[in-house]
Amino acid sequence: MASYDFVFSALGLEKWCSAEQSSAPMSMADLLAKTKGTDPDAEISLWNTPFPSMDALNASCGAFPQSRDLTKGLEQGFLSIKDALSVVLDPITQPLSWFLDTALYGMLTAPWWIIIPLLLVVVQLVTKSFKLVAFVGVCLSLLAFIDYYEYAMQTLSIILVCAFLCVLIGVPIGIAMSRSNMMQRLSIPVLDMLQTLPPFVYLIPLIFLFSVTESKLYGIAIILYAIVPVIRLTNLGIRLVDKDVIEAADAFGMTDRQKLYRVQIPLALPNIMAGVNQTIMMSLAMVVIASLVSAPGLGVLVLRGIRNLELGVGLVAGLGIVILAVILDRVTKASLARINSAQKH
Amino acid sequence: MKNDVKVSVRNLYKIFGDDPQGALTHVRAGMSKSELLEKHNHVLGLQDINIDMRDGEITVIMGLSGSGKSTLIRHLNRLIEPTAGEIEVEGNNVLAYNENALRTLRREWMSMVFQKFALLPHRTVLENTGMALSVRGYSVADFESEAIHWLNRVGLEGHGNQYPHQLSGGMQQRVGIARALTSNAPIMLMDEAFSALDPLIRTDMQELLLDLQSELKKTIVFITHDLDESLKLADNLVILKEGYVVQQGEPQEILLNPNDSYIKDFISDINRARVLRVKSVMTHTTEKPEQCAGEVNERDNLESIIARSEGHTDKVYRVMAEDRQVGTLSMKQLMKALVPPLQENTPSEGADAKSETQTA
């Protein structure tokens, strides 16, 4: 006698319940109860009455689905649309694989004495600070000296490609959000979900959709995870542009396009750059997790450290990630500061 | 002789709220602003505004904060859409314009100067000055000479390559004025353009504006909450209160014949000797007075006449305009004009009412 028999008898559904006896395999709890020899149908006191959950109701009525049917249904639902989904998604996302593979190939085949100076020149161009260039030079040399150069460059090229694509996709979405309140209302729940979903969860459906050998698998995971701040801050930045300046732009007869390119984007640039900084930091966080699905780089070493309990390898690779993070953060912040000082109010 | 009407506002209403048209019928039926807010939760912004702004004149719209003056000026270039009424620029109904025509109006017919300057912080002073032209598609090289000309004219030689934040408030507003002038539009809208500046700089800017106006003869619509400023600049003064026009006309005329206790309160503590001019208190005659004490210009203010008379109250002056006599002015007339018209209500009540409106 289960707790909720009375519900089904009151509703007159006994026939439906007994007609479709659950054919699901016996659950662990049932099995345990059986081996212990306790009678599952024994009278249950009010104190021990279970919450009317799916499993509890199933105990009363065999036709009622169990909770594992829910997860199973979700899985089967996904699997049934998976093929159709990959037909659409595969070609769309194929360029991502090309970008990542090209970047990795380029970074690794070009000799170190080209790549390191090239990176330093980029740092100099973006920040105009020799101090920072020297700092980045020392950090990269250190990584190269301990023979982590290759791993660091793999991580770096994945981050650069993914962050670039995040900006390319995220800024237009942010602009669209800033222009339409409807768009903003629709996007914010999606962004909230992307931001709070545990990063491992991204990987599960992606493994089903794409082959693990393809680099776009981790590329998509990183982009989905890291694109949120650049979208949010672009939207915010454009919405925060001084209303008086916008009014002046209108009063002088600017078209919407002129207003966007000459007023809104330049004035929102400090916020957009803050978003780019966050996006880069978040892709660095995700690139480590993505090593679970074959993303190369320092994350692989961290993973090896965990798997084989190689304490030294794990720690050094972790420190390497810290160094990369510091470099990327300092460089983007320095360029942000340059933009800020160029347009003080 | 009066100039042609350049901009004309007819029966303009603006109501803020969810259903302005519904609220409009209530207002037309005679509902007051406070009643409308209480019963229907709509704000009556402007109520039956009729103003003619003449070519080459400075029309000053004056009122306290909340009187709807900034709302009114934004209707002229349709930054705000009216609920009902007509706005005509040289006889063309602006409200019938489509998007393109409206853009042309804003680009080529009207320029605007803002209270908070509203310069582009990431562009140089020169680029800001040429904004109106660059919006029309000209490059910096095209408008550079024009922009430099107007920057020099407003007294900013050599500042072209600086950024707005490097300039003081007064200089930034000079850029704002230069920007409006560079657009070469015949109509200039100035929204509390000098209110954010300190008093000395404000006086400088007023002089600059009058100086430019005597040369350019633009149609200027100037918004202010400062009576002294409006009396100094206005050819035509419109006084707004809670969204309707209390009185409009020549400033001297309003000063001598205020038609409302609100305006009387307003003008009670200004320096009348400095604001009133000979022209508005003299006796119109071409006969030469006996015992003429000298000649004065019709545009002189009374303060300068008092200084000339050295305190004698029995002198009579000949009033001249361009070498011709247009009237006579006795010191007795002058002294009478210095006394503000008597308050209808008792002075203490009037003072209370004024402090209320100021705090509100």
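Residues numbered from 1 in each chain as written. Chains lettered and ligands numbered in written order. Predicted model: local features only at pLDDT ≥ 70, side-chain atom pairs only at ≥ 80, totals over all residues. Heavy atoms only, no water.

Enquirer: Can you lay out the overall build of chain B for me, pointing to particular residues and giving the numbers?
Expert: Tallying secondary structure elements over chain B gives 17 helices and 14 strands in all. Taken over the C-alpha trace, chain B has a radius of gyration of 23 Å; the compact-globule value for 360 residues is 21 Å, and the two agree within 12%. For the C-alpha atoms alone, the extent of chain B along its principal axes is close to 65 × 60 × 40 Å. Buried positions account for 50% of the 360 residues belonging to chain B. Of all intrachain contacts in chain B linking residues separated by at least 6 positions in sequence, the fraction that spans at least 24 positions is 68%. (Helix = DSSP H or I, 4+ residues; strand = E, 2+ residues; numbered from the N terminus. Rg over C-alpha atoms; globule rule 2.2 N^0.38 Å. Buried < 20%, exposed > 50% of the residue type's maximum accessible area, 1.4 Å probe, protein only. Contact = heavy atoms within 4.5 Å.)

Enquirer: Please give an account of the packing of aromatic side chains that cites residues and values.
Expert: Residues and elements named next belong to chain A. On inspection of all chains with the given rule, the structure shows 7 aromatic pairs over all chains. Residues F78 and F208 carry aromatic rings whose centres are separated by 6.0 Å and whose planes lie at 80 degrees to one another, so their mutual orientation is edge-to-face. Of the two residues, F78 sits in helix 5 (residues 67–109) while F208 sits in helix 10 (residues 199–209), which places them 130 residues apart along the sequence. Take F78: its relative accessible area is 23%, and that puts it in the partly exposed class. (Phe/Tyr/Trp six-rings, centres within 6.5 Å; stacked < 30°, edge-to-face > 60°.)

Enquirer: Which residues make up the sheet that holds strand 11 (residues 283–284) of chain B, and what values do they have?
Expert: All names here are of chain B. Pairing is mixed across the open sheet formed by 4 strands, whose spatial order is 11-14-13-12. Strands at the two margins of the open sheet, each flanked by one partner only, are strand 11 and strand 12 (292–297). Across the sheet, helix 16 (residues 331–338) is in contact with strand 11, strand 13 (316–321) and strand 14 (324–330); its angle to strand 14 comes to roughly 70 degrees. (Pairing = 2+ DSSP bridges. Axes fitted to C-alpha atoms, helices over the stretch in contact; angles between N-to-C directions.)

Enquirer: Tell me about the domain arrangement of chain A, and name the residues and values.
Expert: Here chain A is described as being made up of domain 1 (5–65) and domain 2 (81–344). A C-alpha centroid distance of 51 Å is found between domain 1 of chain A and domain 2 of chain A. (Domains from an automatic or database assignment.)

Enquirer: Run through the interface of chain A and chain B, naming residues and quoting values.
Expert: Each side of the interface is counted separately: chain A has 21 residues, and chain B has 25 residues. Where chain A packs against chain B, one counts 2 salt bridges. In this structure, R74 of chain B and E247 of chain A form a salt bridge, with 2.4 Å as the shortest nitrogen-oxygen distance. At the junction of chain A with chain B, the criterion picks out 7 residue pairs in polar contact (both at pLDDT 80 or more). (Salt bridge = Lys/Arg side-chain N within 4 Å of Asp/Glu carboxyl O. Polar contact = N/O pair within 3.5 Å; in protein donor to acceptor, adjacent residues only side chain to side chain.)

Enquirer: Could you give me a rundown of the pairing of strand 10 (residues 244–249) of chain B, with the residues and numbers involved?
Expert: Residue and element names in this part refer to chain B. Relative to strand 10, strand 9 (residues 236–241) runs antiparallel, the two sharing 5 bridges. By the bridge assignment, V238 is partnered in strand 10 with Q248. Where strand 9 hands over to strand 10, the hairpin turn is made up of 2 residues, of which E242 adopts a positive phi near 45 degrees.

Enquirer: So, helix 8 (residues 149–179) of chain A: which residues are in play, and what are the values?
Expert: With 31 residues, helix 8 of chain A should cover 45 Å at 1.5 Å per step; its first-to-last C-alpha distance of 44 Å lies within 8% of that length. A maximum bend of about 25 degrees is found in helix 8 of chain A at G170 of chain A, where proline P172 of chain A lies one to four positions downstream. (Expected span 1.5 Å × (residues − 1). Bend = angle between axes of the 7 residues up to and from the residue.)

Enquirer: Please provide a residue-by-residue account of unusual backbone geometry, values included.
Expert: Residue and element names in this part refer to chain B. Non-glycine residue F117 carries a positive phi angle of around 70 degrees. Among the secondary structure elements, F117 is positioned in the loop between strand 6 (110–113) and helix 5 (125–129). The residue E242 is not glycine, and still its phi comes out positive at about 45 degrees. By secondary structure assignment, the location of E242 is in the loop between strand 9 and strand 10.

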